[in-house]
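Inside the fold
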Amino acid sequence: MLGVVITLAVIAAVAWCIFKNYYPPTVLLIAGLLFLAVAACFGVDPVPAKASTHFLGFDFAQAFTDRMKTRLPGLGLNIMWIAGFSYYMDKIGASKALVKLCVKPLSAIRSPYLLLAVTYIVGQFMALFINSAVGLGLLLMASIFPLLVALGVSKTSAAAVIGSTCCLDLGPSSSNAMRAADLLNTDVVTYFVQNQIPVALCVIAVVAIGHFFIQRWFDKKDGIETSGAGTQEDVAKAFEGAGPVWYSILPMLPLVLLIIFSPMVYQPVKLSLQTAIIISILVSFVVDLITTRGVKDSIGRTKAVYEGMGKVFTSTVALICCAELFAFGMTKVGGITTMINAAASMESAGVWVMLFIMIAIMVLATLVTGSGNAAFFAFSPLLPQAASSVGMSAAVLTVPVQLSAGIARTMCPIAGVTIAVSSIAGITPFQLVRRTIPVMVLALITNRLPLNGTRAAVKNSGSLIPFSF
């Protein structure tokens, strides 16, 4: 019980620091070291004996070194390559070309709230190729937002929908999906197709319908008229810098390559995510070179790849490594383990309690850090142990917990995407999350309910229990 008290106290301190705008990675690093120091006072070593420096003070730093060594060569480098590719797509105008192509059908919809629902679906589709929540949010605010306003949608409703378009971390290029696939010992494409899609389709439908009714209710409550406030000039300006229409294919290349050369389609050729992205960058460079016929300028635009890799290291990869030390230290103190063991002792009810506990941990961690990636990477190592403790399939627990991290990010007023979207829309982050929280609560409920009819074998008293997956 002491471990639980210490855990909650440190989490409260971390939450206070984050809300006071302290730099999150360093706050999480210090909190993780504090956890390790407390654990050492109870006789728990910070690192295994074989990895020890043989000096306790150095072992605390060694624990962080071990986290970095584990993450940077694999998933950390994956995230950096994805970011580099996204920055390059934006630089050559391919991202805007894709958005321009996707939003053309929206202008034919006359109902403002039906338009909002369809916009969310289109945005969630684009999130498969533009997987940065902030990047996608900024791109949509520069392109779709003026279009929505021009077609009669209120600014607050439009911002709420755009802020939630990346609420589900889906697809092979999602770092959370890659981490979840690692936990389940499968490839990320198989995880996406077999595990994510069945749950995500249900959640996407509920979120789209939720936006239709909830944004209409808020507009009526706030006395907002849904009349067009933009102009066709605003819409045209939003797509300045977009590449030719064929550029819209380029952001899709990594996903297409990964699906084709996967165990589900063509197994003889094995293609890693990093290799698929490098190939896509080279193909995009050749297309850009042929189209623009400017050798020096085309080569210069590739600088965006390395700029993107560097920026995501400081914003995301460093945060993930520090968050993992935070979670590692927390497990050493024993507070989380106590809660998991308590759920495991509840017989058949423990299955549902375990799911509730893990989703609650993920939602709380995301709200504290403002990052779904940091929260999931920090606590995902607990999922296999938590699932096995109640006889549950690891996939059944991993999928809803992984998706809940992105959903919770959309409810967080300090998340990067919330701050960016609300700033451009001219509203406060709290005005934005006021509109997104009710919809995301529906998404969380849908995420954990057995909506798609799949049954998971949960061995409790010899019975099979229907479960969400």
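As a starting point, this report considers the structure included with it. None of the values given here were measured: they were computed from a predicted structure.

Helix and strand counts for the protein chain come out as 21 helices and zero strands. Burial statistics for the protein chain: of 469 residues in total, 55% are counted as buried. In the protein chain, of all internal contacts separated by at least 6 residues, the share reaching a separation of at least 24 is 77%.

Residue placement: Ser248 occurs in the loop between α10 (232-238) and α11 (253-260). Every residue in contact with Ser248, bar those within four places of it in the chain, is listed here: Ala94, Ala97, Leu98 and Leu101. A distance of 2.6 Å separates the side chain of Ser248 from the backbone oxygen of Val245, its partner in a polar contact.

The next subject is the packing of helix α8 (residues 175-183) against helix α19 (residues 394-410). Relative to each other, α8 and α19 sit at 160 degrees, their axes nearing to 10 Å. Between α8 and α19, the interaxial angle falls into the category roughly antiparallel. Along this stretch, α8 crosses α19, giving a crossing that reads as right-handed. Between α8 and α19, the residues in contact are Asn176, Ala177 and Ala180 and Thr398, Gln402 and Ala405, respectively. Classifying every residue of the contact of α8 with α19 by side-chain character gives three nonpolar, three polar and no charged.

Unlike most non-glycine residues, Asn185 shows phi in positive territory, near 55 degrees. Of note, Asn185 is situated in the loop between α8 and α9 (188-222). Overall, Asn185 belongs to the exposed group, its relative accessible area being 73%.

Further remarks concern the pattern of salt bridges. In this structure the tally under the stated criterion is six salt bridges. Across the pair Arg434 and Asp222 runs a salt bridge whose closest N-O atoms are separated by 3.1 Å. With Arg434 in helix α21 (residues 429-448) and Asp222 in helix α9, this residue pair connects regions lying 212 residues apart in the sequence. Overall, Arg434 belongs to the partly exposed group, its relative accessible area being 34%.

Two elements in contact, α11 and helix α12 (residues 273-292), have axes separated by 9 Å at closest approach and are oriented at 130 degrees. With respect to each other, α11 and α12 are oriented oblique. Here the hand of the crossing between α11 and α12 comes out right-handed. In this structure, α11 contributes Leu253, Pro254, Leu257 and Leu258 to the contact, and α12 contributes Leu273, Ala276, Ile277, Ile279, Ser280, Val283 and Ser284.

In this fold, Ser404 is placed in helix α19. Classification of Ser404 by relative accessible area gives buried; the value is 0%. At a separation of 2.6 Å, a polar atom in the side chain of Ser404 contacts the main-chain carbonyl oxygen of Val401. Once residues within four sequence positions are removed from consideration, Ser404 is found in contact with Ile359, Met362, Val363, Leu444 and Asn447.

A separate point is the nonpolar core. By size, the foremost hydrophobic cluster in this structure holds 140 residues, and its most contacted members are Val14, Leu168, Phe326, Met358, Phe379 and Leu397. Of the residues forming this core, the biggest block, 13 residues, is contributed by helix α14 (residues 303-333). Residues Leu36, Phe60, Ala63 and Phe328 belong to the second largest nonpolar core, which totals six residues.

Here we take up a nonpolar patch on the surface. Residues Val256, Ile259, Ile260, Val265, Tyr266 and Val269 make up a contiguous nonpolar surface patch of roughly 460 Å² in combined accessible area. Within the fold, Val256 resides in helix α11. The partly exposed category is assigned to Val256, whose relative accessible area is 41%.

The subject of this paragraph is the packing of aromatic side chains. What characterises a pair of aromatic rings is the spacing of the ring centres plus the angle enclosed by the ring planes. Taken as a whole and assessed by the stated rule, the structure comprises six aromatic pairs. Relative to Phe58, the ring of Phe55 has its centre 4.7 Å away and its plane inclined at 75 degrees; by these criteria the two rings are edge-to-face. Looking at Phe55, the relative accessible area reads 46%, which means it is partly exposed. Residue Phe58 is classed as exposed on the basis of its relative accessible area of 54%.

Our next topic: α8. Burial analysis of α8 places eight of its nine residues in the buried class, which makes it a mostly covered element. Buried within α8 are the following residues: Ser175, Asn176, Ala177, Met178, Arg179, Ala180, Ala181 and Leu183. The first or second residue beyond α8 is Asn185, which carries a positive phi of 55 degrees.

What counts, and at which threshold
- Note that residues are indexed from 1 along each chain, following the sequence as it is written.
- Totals for whole chains, interfaces and linings use every residue, but because this is a predicted model, local features are given only for residues with pLDDT of at least 70 and side-chain atom pairs only at 80 or more, for both listing and counting.
- Side-chain measures were taken over the full set of non-hydrogen atoms in the model, leaving aside hydrogen atoms and water.
- Elements are defined by DSSP. Helices are runs of H or I of four residues or more, strands are runs of E of two residues or more, and each kind is numbered from the N terminus.
- Buried, partly exposed and exposed residues are distinguished by accessible area as a fraction of the type maximum, computed with a 1.4 Å probe on protein chains only: under 20%, between the cut-offs, and over 50%, respectively.
- Only heavy atoms enter the contact rule, under which two residues are in contact if any of them lie within 4.5 Å.
- Distance and chemistry together define a polar contact, namely a pair of N or O atoms within 3.5 Å, with one atom able to donate a hydrogen and the other to accept it when in protein, and with adjacent residues in sequence counting only for side-chain atoms on both sides.
- Only C-alpha atoms enter the line fits that serve as axes; for helices the fit covers just the stretch in contact. Angles between N-to-C directions range over 0 to 180 degrees.
- Angle categories: roughly parallel below 35 degrees, roughly antiparallel above 145, roughly perpendicular from 65 to 115, and oblique for all the rest.
- By definition, turning the near helix anticlockwise from the far helix through less than a right angle yields a left-handed crossing, and turning it clockwise yields a right-handed one.
- Each residue gets one of three labels, nonpolar for Ala, Val, Leu, Ile, Met, Phe, Trp, Tyr, Cys and Pro, charged for Asp, Glu, Lys and Arg, and polar for the others, Gly among them.
- Salt-bridge detection follows one rule: a side-chain nitrogen of Lys or Arg within 4 Å of a carboxyl oxygen of Asp or Glu.
- Working definition of a nonpolar core: buried Ala, Val, Leu, Ile, Met, Phe, Trp, Tyr and Cys residues. They are joined through side-chain atoms within 4.5 Å.
- Candidates for patches are residues over 30% relative accessible area with no salt bridge; among them, like charges are joined within 9 Å and nonpolar side chains (Val, Leu, Ile, Met, Phe, Trp, Tyr) within 5 Å.
- Using a 1.4 Å probe, accessible areas were evaluated by the Shrake-Rupley method; residue-level cover was limited to the displayed protein chains.
- Note on aromatic pairs: the rings of Phe, Tyr and Trp (six-membered ring only in Trp) are paired at centre separations within 6.5 Å, and the planes decide the class, stacked below 30 degrees, edge-to-face beyond 60, tilted for the rest.

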